[in-house]
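Below, each chain spelled out in residue letters.
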Amino acid sequence: MRTLYRTLMKRLCRDRILRFGAVLALLLGIFTAVESVLLGGYQYLYVQDFNFYSGEAFMAALLAFGLGREFSDGTVRNKLIAGYTKTQYYLATMLCAVTVATVYYLLTAGPLALALIPEYKRLTAQPVAEAFLCIFLSNLFAAVTAAAVCNLTRSQIAGVLGTFAAIFGLYTLGELTEQADSGQAYHDVTVTDARGQIVFAQNGTPLVIRKKKLIYTEPLHSVLMVLHHGNPITTMGGLSCVFQDSRDWSDAEQKKQRAELDAYALEDMHPRYPVTIPVMILIPALGLLSFRKKAIT
Amino acid sequence: MDYILTTNAVSKKYWKAKALDGVTMHIPRGAIYGFVGRNGAGKTTLIRLICGLQDPSEGDYTLCGINSASGDIASARRKMSAVVEKPAFYSDMTARQNLEMQYTLLGMPADDGIDELLKLVGLSDTGSKKAKNFSLGMKQRLGIAIALCGRPDFLVLDEPTNGLDPQGIIEIRELILRLNRERQMTVLISSHILDELARLATDYGFIEKGKIVQEISAQALEAKCRKYLHVKVSDIKRFTNVMEENHWDYEILTDSEANIYEKIMIRHLSDALAAADCELMSVSEHEESLENYFINLIGGTGTEGGAAK
């Protein structure tokens, strides 16, 4: 299967459209890093969301386009005739998805990670690491979904369209489950510092704000938030974090902020969640079953 | 006899329709096997099964000595290759790049005979031309070149001359003959163009409505399709004696009818039979073409027994 994976990756690397996509991803990463450094504060959270989220969807679509060529050119037949099984082919495409997601992640989040170097001394390591982990997880899920949809549809065009549908569908499902429970579109949780400046809102990307120290209430909360929200694609760094300038807040103030966040966290951890995680597991599983069962034309 | 492929009552069902129904066939090693059938007879379905693109509903097959039910059939497929329906290649790559990709897939070093392969199929001067800009014949040859990358023992070609002009057909035919002669490659060619197969095949398998109607060697088929006299006589025993005395090739059909596979004048035949007190009641000359043979075999609407004179 190693040679099959190598062949598929070689093919993807030769695809001009994917190469162009890689260049765009790097530009997006540089742009996001520059914005983070320039903007800081509350506003950048939405920018980050947009950059990562929309970029991921296109990364997934390009991957589906690249893998879909195997069906449009018919070269998937050559793989099976050469002695590889359908399961091996499917798993090889999943490995390709992981590779592409990793490359995309390095290109988009890498510049941001480098831009944060001056801030690392101030930051608590764990939540930052978890934030980046969540971004990687969302890239991964998007890529795996794209590969699964492509194999399910066995068509380049249907694969691309299906990937968009799946990703936006998952997003919508996540939002709907959130609305069903909370009765509102967003959790209006805001945390302000001693100066009344908003340091945290919603559950957006909790990366650095200039000159603010990042503290964290619960180590596993970020992963749970991803699961709760049901769709890591929308959570991006979905952490409940508080940015605090520790020089301004007293111990009592910190405790108060933590208690508020804990309450928020507990409120969100409803037993009905998550809905979309099973769907995210179901899509690749269904893809494998269908791929093995149906004929390759 | 050593068979490179045997199928054992292979069936394939799509919902209620049976595309293949208990197909049992035998492809001798080293043969060029002409797989003949009408459109929709099940040729491509069977080829897809043995190539691993589909699974049979019933039955099994043995490829290069390995049974499909054994779980090790993938290793047997390494010794075969195929061009199924239309040739599969990366349309945005050159011929050389396509072969390099196939070599990578097979785990072979990239410089191991690509030039020879391109020369063999007549694509060595395509340079940087992308495969999507090839002519139909060139695409077909590229598909065959990709199939030949792993130096297979068994090559399967599904209607390789479809859509080709006469020049293209000749090129493919000569390529197949060369592969069989120089590399002792067994070739399975499916087609409904019988004249083309007649110039190539050493063995035939006729399929109709998902069932193998007949398997026959080219020699036996030629014998059946040659010119003959169809006679009706009054005494078949005396007729037989006359045939034996004159060492004439003949075949008894019924107790009053026979075929004579000799070039003899009807007057001589009549005289010989009269001398043996056997009356020649009717005589007609026939020559069966491969097409007529096939049509008669499947019970179609061709002329009965070829052109009768």
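Owing to the predicted nature of the structure, the values given are computational and were not obtained by experimental measurement.

Thresholds, definitions, all that
- Residues numbered from 1 in each chain as written.
- Chains lettered and ligands numbered in written order.
- Predicted model: local features only at pLDDT ≥ 70, side-chain atom pairs only at ≥ 80, totals over all residues.
- Heavy atoms only, no water.
- Axes fitted to C-alpha atoms, helices over the stretch in contact; angles between N-to-C directions.
- Helix = DSSP H or I, 4+ residues; strand = E, 2+ residues; numbered from the N terminus.
- Parallel < 35°, antiparallel > 145°, perpendicular 65-115°, else oblique.
- Left-handed = near helix turned anticlockwise from the far one by under 90°.
- Contact = heavy atoms within 4.5 Å.
- Buried < 20%, exposed > 50% of the residue type's maximum accessible area, 1.4 Å probe, protein only.
- Pairing = 2+ DSSP bridges.
- Patch = residues over 30% accessible without salt bridge, like charges linked within 9 Å, V, L, I, M, F, W, Y side chains within 5 Å.
- Areas by Shrake-Rupley, 256 points an atom, 1.4 Å probe, with all protein chains shown as cover.
- Salt bridge = Lys/Arg side-chain N within 4 Å of Asp/Glu carboxyl O.
- Phe/Tyr/Trp six-rings, centres within 6.5 Å; stacked < 30°, edge-to-face > 60°.
- Lys NZ or Arg CZ within 6 Å of the ring centre and 35° of its normal.
- Buried area = accessible area lost by both parts, 1.4 Å probe.
- Polar contact = N/O pair within 3.5 Å; in protein donor to acceptor, adjacent residues only side chain to side chain.
- Nonpolar A, V, L, I, M, F, W, Y, C, P; charged D, E, K, R; others polar.
- Core = buried A, V, L, I, M, F, W, Y, C linked by side-chain atoms within 4.5 Å.

Asker: Could you give an account of the packing of helix α5 (residues 136-148) of chain B against helix α6 (residues 166-183) of chain B, naming the residues involved and the relevant values?
Answerer: All names here are of chain B. Axis separation between α5 and α6 bottoms out at 11 Å; the angle between their running directions is 15 degrees. Between α5 and α6, the angle falls in the class roughly parallel. Considering how the two elements wind past one another, α5 and α6 form a crossing that is right-handed. In contact with Q140, R141, I144 and L148 of α5, α6 contributes E171, I172, L175 and L179.

Asker: For the side chain of S256 of chain B, give the residues involved together with the corresponding values.
Answerer: Residue and element names in this part refer to chain B. By secondary structure assignment, the location of S256 is in the loop between β12 (250-252) and β13 (257-260). S256 sits in the buried class, given a relative accessible area of 19%. Beyond its immediate sequence surroundings of up to four residues, S256 is in contact with V231, K232, V233 and I236.

Asker: Give me the lowdown on the sheet that holds β12 of chain B, citing residues and values where you can.
Answerer: Residues and elements named next belong to chain B. Pairing within the open sheet is antiparallel, and its four strands lie in the order β12-β13-β11-β14. Whereas interior strands pair on both sides, the edge strands pair on one side only; in this sheet they are β12 and β14 (280-287). Each adjacent strand pair in this sheet contributes to an overall mean axis angle of 20 degrees, direction not counted. Judged from the three bridges that link them, β12 and β13 form a sheet pairing that is antiparallel. Counterpart to E251 in the pairing with β13 is N259.

Asker: Account for a nonpolar patch on the surface, with residues named and values stated.
Answerer: A contiguous nonpolar patch, built from F20, V23, L24 and L27 of chain A and spanning about 400 Å² of accessible area, is present on the exposed surface. The topology assignment puts L24 of chain A in helix α2 (residues 16-39).

Asker: Describe the packing of aromatic side chains, listing the residues and the values that go with them.
Answerer: Each aromatic ring pair is specified by the distance between its two centres and by the angle formed by the two planes. A full pass over the atoms with the stated rule returns 10 aromatic pairs over all chains. Measuring from centroid to centroid gives 5.5 Å for F58 of chain A and F164 of chain A, while their planes differ by 80 degrees, and the two rings are edge-to-face. Of this pair, F58 of chain A sits in helix α3 (residues 44-72) while F164 of chain A sits in helix α7 (residues 156-182), and the two are 106 residues apart along the sequence. Accessibility expressed as a relative area gives 53% for F58 of chain A, which makes it exposed. Judged by relative accessible area, F164 of chain A falls into the partly exposed class, the value being 21%. Centre to centre, the rings of Y90 of chain A and F291 of chain A are 6.0 Å apart; their planes meet at 45 degrees, and the pair counts as tilted. Taken as a pair, Y90 of chain A in helix α5 (residues 86-115) and F291 of chain A in helix α11 (residues 276-293) lie far apart in primary sequence, 201 residues in all. Per residue, the accessibility class of Y90 of chain A equals that of F291 of chain A, and both read buried. Aromatic rings pair up to connect F71, Y89, Y90 and F291 of chain A into one cluster. Cation over ring: R78 of chain B sits above Y84 of chain A, and NZ or CZ is 4.8 Å from the ring centre.

Asker: How would you summarise the pattern of salt bridges if you had to cite specific residues and measurements?
Answerer: Residues and elements named next belong to chain B. The final tally for this structure, using the stated rule, is 15 salt bridges over all chains. Notably, a salt bridge pairs R238 with D277, separated by 3.1 Å at the nearest N-O pair. With a gap of 39 residues between them, R238 in helix α9 (residues 236-245) and D277 in the loop between α10 (266-275) and β14 connect regions that are remote in the sequence. We classify R238 as partly exposed; its relative accessible area is 35%. A residue is classified by how much of its surface remains accessible, and D277, at 56% relative accessible area, is exposed. Residues participating in the shared-partner salt-bridge network are K18, D21 and K211.

Asker: Give me the sheet that holds strand β2 (residues 17-28) of chain B: which residues, what numbers.
Answerer: Residue and element names in this part refer to chain B. Here we have four strands laid out as an open sheet, ordered β2-β1-β4-β5, and antiparallel in their pairing. Lying at the two open borders of the sheet, with one neighbouring strand each, are β2 and β5 (66-67). Across two bridges, the pairing between strand β4 (residues 58-63) and β5 is antiparallel. In the strand pairing of β5, T62 is matched with N67. Across the face of the sheet, helix α1 (residues 43-50) comes into contact with β1 (3-14), β2 and β4 while running at roughly 115 degrees to β1.

Asker: Which residues make up the interface of chain B and chain A, and what are the values?
Answerer: The parts lose accessible area when they come together, and the size of an interface is often stated as this lost area. With 30 residues of chain B at the interface, the matching set in chain A holds 25 residues. The largest per-residue losses of area from chain B upon contact with chain A belong to L53, Y90 and L105 of chain B, which jointly make up 27% of the total buried on that side. Across the chain B-chain A interface, the total number found is two salt bridges. With a closest N to O distance of 2.9 Å, R11 of chain A and D92 of chain B form a salt bridge. At the junction of chain B and chain A, the tally comes to 11 residue pairs in polar contact (both at pLDDT 80 or more). For the side of chain B that touches chain A, the secondary structure elements donating two or more residues are α2 (73-77), β6 (80-83) and α3 (95-106) of chain B. If you tally residues by element for the side of chain B that touches chain A, the top one is α3 of chain B, at seven residues. The residue makeup of the side of chain B that touches chain A, split by class, is 15 nonpolar, eight polar and seven charged.

Asker: Account for unusual backbone geometry, naming residues and giving values.
Answerer: Residues and elements named next belong to chain B. Positive phi outside glycine occurs at Q184, with the angle close to 50 degrees. Residue Q184 is classed as exposed on the basis of its relative accessible area of 54%. Phi at D277 takes a positive value of approximately 60 degrees, unusual for a residue other than glycine.

Asker: Quick rundown of the nonpolar core? Include the residues and the values.
Answerer: Residues and elements named next belong to chain B. If you look at the biggest cluster of nonpolar residues, it comprises 73 residues, and the most contacted ones within it are L63, F154 and L188. With residues up to four places along the chain from it excluded, the contact list for F154 reads I4, L5, I27, L63, K79, M80, S81, M185, T186, V187 and L188. Within the second largest apolar cluster, 49 residues are counted, among which are L120, V121, A201 and F294.

Asker: Hey, could you go over the packing of helix α1 (residues 2-14) of chain A against α3 of chain B for me, with residue numbers and the actual values?
Answerer: Helix-helix packing is described using two parameters, namely the angle between the two axes and the distance between the axes. Orientation of α1 of chain A relative to α3 of chain B, taken along the N-to-C sense of each, is 150 degrees, at an axis distance of 8 Å. If you check the angle between α1 of chain A and α3 of chain B, you find them roughly antiparallel. Where α1 of chain A approaches α3 of chain B, its residues T3, L4, T7, K10, R11 and R14 of chain A are matched on the opposing element by Q97, E100, M101, T104 and L105 of chain B. Grouping the amino acids of the contact of α1 of chain A with α3 of chain B by side-chain chemistry returns three nonpolar, four polar and four charged.

Asker: Now, about the side chain of E159 of chain B: what can you tell me, with residues and values included?
Answerer: All names here are of chain B. Its place among the elements puts E159 in the loop between β7 (154-158) and α6. We classify E159 as buried; its relative accessible area is 12%. A distance of 2.9 Å separates a polar atom in the side chain of E159 from a polar atom in the side chain of N162. What E159 contacts, discounting residues up to four positions off in sequence, is K43, Q140, S190, S191 and H192.

These results come straight from atomic positions and should not be treated as a statement about function.
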